[in-house]
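# Chain and residue survey
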Amino acid sequence: MWCRFGIGEAGGVPGGRGDRREWAWIGRVWLSRERGVRVAGGGGGRGGWWRQRSEGQRAGAKAARDAAQEAFYELDSTQRDVQLAVETVRAAEDSGAARQALNDFQDISARIDQVTVAYLAALDASDLDAPELDPAVASRAQQQLEQARRELAAKQTELTNFLQRLQPLLQHAEAQLIRVTPAVEKAKRALLGATAALDAVRAAGLTADDLAARLAQLAPELGRLNEGAARHGVAGTLQRAEDVAQRADAVRSAAEQLPERAREIDRRLASLRTRIQALETKAGTVEPALSELRRRFSAACWQDLQRVPAQTAEAVRTARQQLTEAARARDEQRWPDATTAIGTVRALLETADGSVAAVSERLRQLNEVEHDPHQEIERARFAVRDAQRLAMAGRQAPDPRHAAPLDEAVARLDRAVASLDAAGRHPDYWHFLTELAAVRESAAQVVAMIRGTH
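Residues numbered from 1 in each chain as written. Predicted model: local features only at pLDDT ≥ 70, side-chain atom pairs only at ≥ 80, totals over all residues. Heavy atoms only, no water.

## Some details on the overall build of the chain
A count of helices and strands for the chain gives 15 helices and zero strands. By the burial criterion, 34% of the 454 residues in the chain qualify as buried. Relative to all contacts within the chain whose residues are 6 or more apart in sequence, the contacts with residues 24 or more apart total 79%. Split by element, the accessible area of the chain, about 27,000 Å² in all, is 53% carbon and sulfur. (Helix = DSSP H or I, 4+ residues; strand = E, 2+ residues; numbered from the N terminus. Buried < 20%, exposed > 50% of the residue type's maximum accessible area, 1.4 Å probe, protein only. Contact = heavy atoms within 4.5 Å. Areas by Shrake-Rupley, 256 points an atom, 1.4 Å probe, with all protein chains shown as cover.)

Structural data, given as structure tokens:
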């Protein structure tokens, strides 16, 4: 072929008419083969260029996807941090600023949700790992993911700025929350102390049911303390912890004092039994003293004492009943009931003791005034004169507020002495004594009035 159509053939360089036909045929064959090689996938053809472009678009889209994913993870992490900060403020603060911060965060979260939905939609719009990925699809996915990344980054900046504005409230809330844990721990320690004290009392044979009931009432409060300030707020939690600690300490203290309380009640029961016996002994002197009063003095001197024997006997009977009830309450460990019954017994005995003593004291006073009434008269006059001297001290004339009651006291004293002198053989010595006692009381009141104004 080269010999036929080569340069060395006659005629020199191709260009003749016949030569041009041969070269046209050769060119068509070569071009046909070249197109076949390209269509078959040979190197340097249209198929290789197209795949390189597709892979480049895929790589760009994947890079955009990775960047968007990183922005999403950072935003999610920041949102969790801000959520924790807002919850801290909400738990510790109950102010308008705290409520506004919560509302602002809710608004930001709503906008973040919208951006997140757009990001997820862009992420799901294309399968960037598909074997055959159209470059146009990859390009569109890249644009959407880059837009999603920019929106996520903008919300990240908004969240960061919000957290910075929240710092003053957050710091104050954290300072408040710092108080919660020690307060709750104190309450729990108080509960443990009360429980241990109650167990020790029961081991000693005392039931302490009332203390156990008081301690059981604190169980729901302990549950609320365990739920924490996030649910009940800092102020409510601190108040509840303080209340639980105080009530638990009261139970513990009462439990620790219970054994000594039981011993004290036993001592008081024994003492009251002795006092009842002593009252019965003293009551035996009442009738002889009344008989002497009736025999020697007028009825006005002893008539108010007539019922003392019956009253004393009734007091002794009631005291014994109450003492029996107190002993039963002590055995049943009803400590408040035992204490109440003991108080009733004591009051009965004190009243009866006073009545019995009044009879003998009346006889003594009447004997003394019968023997020498002038001694009581001088006592009353001395009291009045002493008050008069004090009323005139540093004055030309007494204050009418002082002079009037003293003048009345002098007149009252004179009337009492006159009535005694006019009574004859059986004067009312008791009326005489009560009048003189009233005179001394009036003088004492004036003295107290004068000294109170200096």
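There is more to say after this.
## Here's the deal with helix α4 (residues 96–125)
Along its 30 residues, α4 runs 44 Å from first to last C-alpha, staying within 8% of the 44 Å computed at 1.5 Å per residue. Those residues of α4 that fall on the buried side of the exposure criterion are Ala-98, Ala-101, Phe-105, Ile-108, Ser-109, Ile-112, Val-115, Thr-116, Tyr-119 and Ala-122. (Expected span 1.5 Å × (residues − 1).)

## Thoughts on the packing of helix α5 (residues 135–203) against helix α6 (residues 209–216)
α6 packs onto α5 with a crossing angle of 160° between their chain directions and a minimal axis gap of 11 Å. Overall, the two elements α5 and α6 adopt an arrangement that is roughly antiparallel. Crossing handedness for the pair α5 and α6: left-handed. Of the residues in α6, those touching α5 at Leu-191, Ala-194, Thr-195, Leu-198 and Arg-202 are Leu-211, Ala-212 and Leu-215. Split by residue class, the contact of α5 with α6 holds six nonpolar, one polar and one charged. (Axes fitted to C-alpha atoms, helices over the stretch in contact; angles between N-to-C directions. Parallel < 35°, antiparallel > 145°, perpendicular 65-115°, else oblique. Left-handed = near helix turned anticlockwise from the far one by under 90°. Nonpolar A, V, L, I, M, F, W, Y, C, P; charged D, E, K, R; others polar.)

## Overview of the side chain of Gln-333
Of note, Gln-333 is situated in the loop between α11 (308–331) and α12 (335–371). Residue Gln-333 is classed as buried on the basis of its relative accessible area, which comes to 15%. One polar contact links the side chain of Gln-333 to the main-chain carbonyl oxygen of Gly-205, over a distance of 3.2 Å. Non-local contacts of Gln-333, meaning those with residues more than four positions away in its chain, are made with Gly-205, Leu-206, Thr-207 and Ala-208. (Polar contact = N/O pair within 3.5 Å; in protein donor to acceptor, adjacent residues only side chain to side chain.)

## Some words on the confidence of the model for the chain
Model confidence for the chain is summarised by a mean pLDDT of 83, while 87% of its residues fall at 70 or above. Segment residues 1–47: pLDDT under 50, and 12 contacts once partners within four positions in sequence are set aside and those in other chains are kept. (pLDDT = per-residue confidence, 0-100.)

## Some points on the environment of Val-244
Checked against the element boundaries, Val-244 lands in helix α9 (residues 234–283). Discounting chain neighbours no more than four positions away, the residues touching Val-244 are Ala-187, Leu-191, Leu-218, Glu-221 and Leu-225.

## Examining the nonpolar core
Membership of the largest hydrophobic core comes to 106 residues, with the highest contact counts inside it found for Leu-166, Leu-293, Phe-297, Val-359 and Phe-432. Tallying contributions element by element places α5 first for this core, with 18 residues. Once you skip the residues sitting within four places of it in the chain, Val-359 turns out to touch Val-286, Ala-289, Leu-290, Leu-293, Leu-305 and Val-308. By size, the runner-up hydrophobic cluster in this structure holds eight residues, among which are Ala-64, Ala-122, Ala-138 and Ala-141. (Core = buried A, V, L, I, M, F, W, Y, C linked by side-chain atoms within 4.5 Å.)

## Quick notes on the packing of aromatic side chains
Within the structure shown, the criterion is met by four aromatic pairs. With a centroid separation of 5.1 Å and 20° between ring planes, the pair formed by Phe-72 and Tyr-119 is classed as stacked. With Phe-72 in helix α3 (residues 46–92) and Tyr-119 in helix α4, this pair connects stretches of sequence that are 47 residues apart. Of the two residues, Phe-72 and Tyr-119, neither departs from the other in class, the shared state being buried. Here the aromatic rings of Phe-297 and Tyr-429 are separated by 6.3 Å at their centres, their planes lie at 85°, and the arrangement is edge-to-face. (Phe/Tyr/Trp six-rings, centres within 6.5 Å; stacked < 30°, edge-to-face > 60°.)

## Quick word on the environment of Ser-355
Residue position: Ser-355 is located in helix α12. In this structure Ser-355 comes out as buried when scored by relative accessible area, which is 19%. Along the backbone, Ser-355 and Val-286 are 69 residues apart, and their C-alpha atoms lie at a distance of 9.3 Å. Sequence-distant contacts of Ser-355, that is, excluding residues within four places in its chain, are made with Val-308 and Gln-311.

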